[in-house]
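Close look at the chain arrangement
These are the residues of each chain, in order.
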Amino acid sequence: MAMVGQRTPRLHSLDGGPLHPDVAMLAAAADAGSIDRRSFLQHASWLGAAVPLGACAAAPGPSNDRLRFVCAVQAISDPALSAWVEASNLYRNVLEFLTEVDADNIVRPALAESWRPSADLRTWTFTLKPGVRWSNGQPLTAADIGHNFDRWLAPGSKSVNRTALAAITGFERLDDRRFALHLARPLCTLAEQLYSPTCAIVHPGFDGTRWTDGPIGTGPYRLTDFQVGRQARFDRRDDYWGPPALLRQIDVIDLGPDVATHVAALAAGQVDMLYRIGVSELDLVERLPAARLLRHPSAMTICMRMKIDQAPFDDIRVRRAIQLAADNAAMLRLGHRGFGILADHTHVSALQPDHGSLAPQARDVREARRLLAAAGFSSGLDLSLVLGNTTGRWEQDVAQILQQNLAEAGIRLALKVLPPTEYWSVWDKVPFGLTSWGHRPLGIMTLDLGYRGGSSWNETGFADPQFDTLLDTAMAVVDPVARRGVMAQAQQRLRDAAVIMQPFWPEKFTAVSPRIRGHVLHPADYFRLERVWLA
């Protein structure tokens, strides 16, 4: 059905039925100029509208080429428990998702060919693509999808999906290809959330322990070798149900945490693609003839967060003092060479369409000193910040700037730097830690994961029922303008609680061989390698 709109694109629904009634509201908002075209397309895609693909280079057919991709290879027990994006870039060669969110944050079909939310957003009906088969030859069925929702949402589940998808109260199998999700409250972002790294669809036979032991998947590759800390190998499936992958083989190579080593390997032609580079390598990569620099703005960030049930962070005066003493502009300028945009301790980026605008919070060292004295630390305070440089050495550079900032307020900050893999084992346990958070298309998704009471990834222990209610309200609002108003209230409550310091949103960089084609840098660091080829 054609939609009404003077300047907006003409859309139709993925399942051929009438468009969701809120799409007309979105089109009117776009025509009136209250939302931009990208925001219109993003929100329409949530509601089951088919958004046309942009122009892209014509790909050749399958080849016998091998891609060498530098990325950490860590142990993977259960994709639903994964807390690091690098792991998802391994298992996404073998596993697939119901939906896909592209680099422009548009939701597109993956295993599901369509989704249809009810008018009140409380019932979502999905239809699987026909002919999808697991690598063991079995057909993918709606019952298999139900198995995944059951394990994610079970009372004893340790997956972050348990709280992120807590609105789901029932899974109903309609037939072999169709199922319905019943929700306790409206959730307009459901289709987008199903592309979270923890929502990869696993085979019903998976026991939830060592996924790398002969995994069965619906994806275009088969895992043929896996050595923690060394390499993983994926071979193209000749029996894949969809268009065949372009590369015959993908070798994921773990060269350790030193990014300079990764760049040297790229310069020498020993590898083809890097997972990430930092600002320290930027100038070098720009001069290398054997490297092509890729960069993208992102809602990825770092947060220095405090556990509010542990002294001295159980005193809000201490937390406020730390936040007020932090100089975000200096941390961006000196720690990341100015590549990025300033943040405001709310963990929602102006790049995200649901960002609520707040008045900036000015640095105030005098007030920080007063608060510390009131909390009983008039002679100063000794603290230790734990970090792991999980996204590069620049994390430590930023922490050192913070160290200088806090010293002005009388806080003596020691830095405890762990190896990246060691940090991920304690990231949610240390009293004061620096944690990197990946990009999410929406700020509300990050707030729901990191700050809702009881969430598995709530590393601060923050618990505020009114904040949670605001999240529920925002998730039910399709109108982007109205949602920003609710989000502003939630962001204000989070900033007032002073549980984090969030200095800036760094620009994202990586480097690839000039031979690489078909790769689009995704703001969330997702690598879809089956679409890549070598020129």
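This write-up is about the structure you can find in this document.

Rules and cut-offs
Residues numbered from 1 in each chain as written. Predicted model: local features only at pLDDT ≥ 70, side-chain atom pairs only at ≥ 80, totals over all residues. Heavy atoms only, no water. Helix = DSSP H or I, 4+ residues; strand = E, 2+ residues; numbered from the N terminus. Rg over C-alpha atoms; globule rule 2.2 N^0.38 Å. Buried < 20%, exposed > 50% of the residue type's maximum accessible area, 1.4 Å probe, protein only. Areas by Shrake-Rupley, 256 points an atom, 1.4 Å probe, with all protein chains shown as cover. 1 Å grid on protein atoms, 1.4 Å probe; cavity = no way out; pocket = protein on both sides within 12 Å on 5 of 7 lines; lining within 4 Å. Points joined across faces, edges and corners; volume = space filled by probe spheres on them. Contact = heavy atoms within 4.5 Å. Nonpolar A, V, L, I, M, F, W, Y, C, P; charged D, E, K, R; others polar. Pairing = 2+ DSSP bridges. Core = buried A, V, L, I, M, F, W, Y, C linked by side-chain atoms within 4.5 Å. Axes fitted to C-alpha atoms, helices over the stretch in contact; angles between N-to-C directions. Parallel < 35°, antiparallel > 145°, perpendicular 65-115°, else oblique. Left-handed = near helix turned anticlockwise from the far one by under 90°. Polar contact = N/O pair within 3.5 Å; in protein donor to acceptor, adjacent residues only side chain to side chain. Salt bridge = Lys/Arg side-chain N within 4 Å of Asp/Glu carboxyl O.

The helix and strand tally for the protein stands at 16 helices and 24 strands. Here the C-alpha atoms of the protein give a radius of gyration of 23 Å, agreeing with the 24 Å that 2.2 N^0.38 yields for 535 residues. Dimensions along the principal axes, computed over C-alpha positions, put the protein at roughly 70 × 55 × 45 Å. Every one of the 535 residues in the protein was classed for burial, and the buried ones make up 59%. When the accessible surface of the protein is totalled, it reaches about 20,300 Å², and 52% of it is carbon and sulfur.

Its volume calculated, the largest pocket comes out at about 1,600 Å³. Around the largest pocket, the lining is made up of 48 residues, and of these Leu53, Glu100, Asp102, Arg108 and Arg531 lie nearest the centre. Looking at the lining of the largest pocket, the elements with two or more residues in it are α2 (37–46), β4 (99–101) and β5 (107–109). Reported here for the second largest pocket is a volume of approximately 610 Å³. Together, 34 residues line the second largest pocket, and Gly256, Pro257, His262, Thr390 and Pro420 are the ones closest to its centre. Contributions of two or more residues to the lining of the second largest pocket are made by α7 (259–267) and α13 (420–423). When residues in the lining of the second largest pocket are grouped by element, the largest group, 3 residues, is from α7.

Moving on, we come to the environment of Ala245. In this fold, Ala245 is placed in the loop between β11 (231–236) and β12 (249–253). You can call Ala245 buried: its relative accessible area is 2%. Not counting residues up to four positions away in its chain, the partners in contact with Ala245 are Pro62, Pro220, Tyr221, Arg236 and Glu530.

Our focus in this paragraph is empty space enclosed by the protein. Enumeration according to the criterion identifies 4 cavities of 30 Å³ or more in this entry. Looking at the largest cavity, its volume works out to about 450 Å³. As for the largest cavity, its lining consists of 37 residues, of which Ala83, Val85, Gly438, Arg440 and Trp457 are closest to the centre. Listing elements by their share of the lining of the largest cavity, those giving two or more residues are α3 (85–91), α5 (161–164), β19 (432–437) and α14 (443–451). In terms of residue class, the lining of the largest cavity is made up of 20 nonpolar, 11 polar and 6 charged.

Before going further, it helps to examine the pairing of strand β8 (residues 168–173). The pairing of β8 with strand β9 (residues 178–183) spans 5 bridges and is antiparallel. Residue pairing for β9: Gly170 is matched across the bridge by His182. In textbook terms, the turn of a hairpin is the stretch between consecutive antiparallel strands, and for β8 and β9 this stretch comprises 4 residues.

In this section: unusual backbone geometry. Backbone torsion omega between Ala311 and Pro312 reads 0°, so that peptide bond is classified as cis. Summarising the element assignment, Pro312 is placed in the loop between β15 (301–306) and α9 (316–325). Backbone geometry places Asn105, a non-glycine residue, at a positive phi of 65°. Mapping Asn105 onto the fold places it in the loop between β4 and β5. Here the phi dihedral of His347 falls at roughly 60°; this positive angle occurs in a residue that is not glycine. Within the secondary structure layout, His347 lies in the loop between β16 (340–342) and α11 (365–374). With a relative accessible area of 1%, His347 lands in the buried category.

The biggest cluster of nonpolar side chains holds 117 residues, and the ones touching the most others in it are Phe40, Leu98, Phe149 and Leu190. Ranked by size, the runner-up nonpolar core spans 52 residues in total, among them Ile277, Leu413, Leu434 and Met501.

If you walk across this open sheet you meet the 4 strands as β6-β7-β9-β8, and the pairing is antiparallel. Either end of the sheet is taken by a strand with one partner, and the two such strands are β6 (112–117) and β8. Between one strand axis and the next, the sheet turns through 20° on average, direction left out of account. Its contacts with the sheet put helix α4 (residues 142–153) on β7 (123–128), β8 and β9, and the angle it makes with β8 is roughly 160°.

Look at α9 against α11: their axes get within 8 Å of each other, and the N-to-C directions meet at 160°. As the angle between them shows, α9 and α11 are arranged roughly antiparallel. Here the hand of the crossing between α9 and α11 comes out left-handed. In this structure, α9 contributes Arg317, Val318, Arg320, Ala321, Leu324 and Ala325 to the contact, and α11 contributes Val365, Glu367, Ala368, Leu371, Leu372 and Ala374. Looking at the contact of α9 with α11, its residues break down into 9 nonpolar, no polar and 3 charged.

This part covers the side chain of Arg452. Its place among the elements puts Arg452 in the loop between α14 and α15 (465–476). Residue classification places Arg452 among the buried residues on the basis of a relative accessible area of 10%. In terms of polar contacts, Arg452 uses its side chain to reach the side chain of Asp472, at 2.9 Å. Leave out the neighbours within four places in its chain, and Arg452 touches Arg185, Leu447, Asn458, Phe462, Phe467, Asp468, Leu471, Asp472 and Met475.

As a further point, take the pattern of salt bridges. Overall, the coordinates contain 33 salt bridges when judged by the stated rule. Close ionic contact of Arg66 with Asp251 constitutes a salt bridge, the shortest N to O distance being 2.6 Å. Linking Arg66 in strand β3 (residues 66–70) with Asp251 in strand β12, this pair joins segments that are 185 residues apart in sequence. Arg66 sits in the partly exposed class, given a relative accessible area of 37%. Notably, a salt bridge pairs Asp428 with Lys429, separated by 3.2 Å at the nearest N-O pair. With a relative accessible area of 52%, Lys429 lands in the exposed category. The network of salt bridges with shared partners includes Glu100, Arg528, Glu530 and Arg531.

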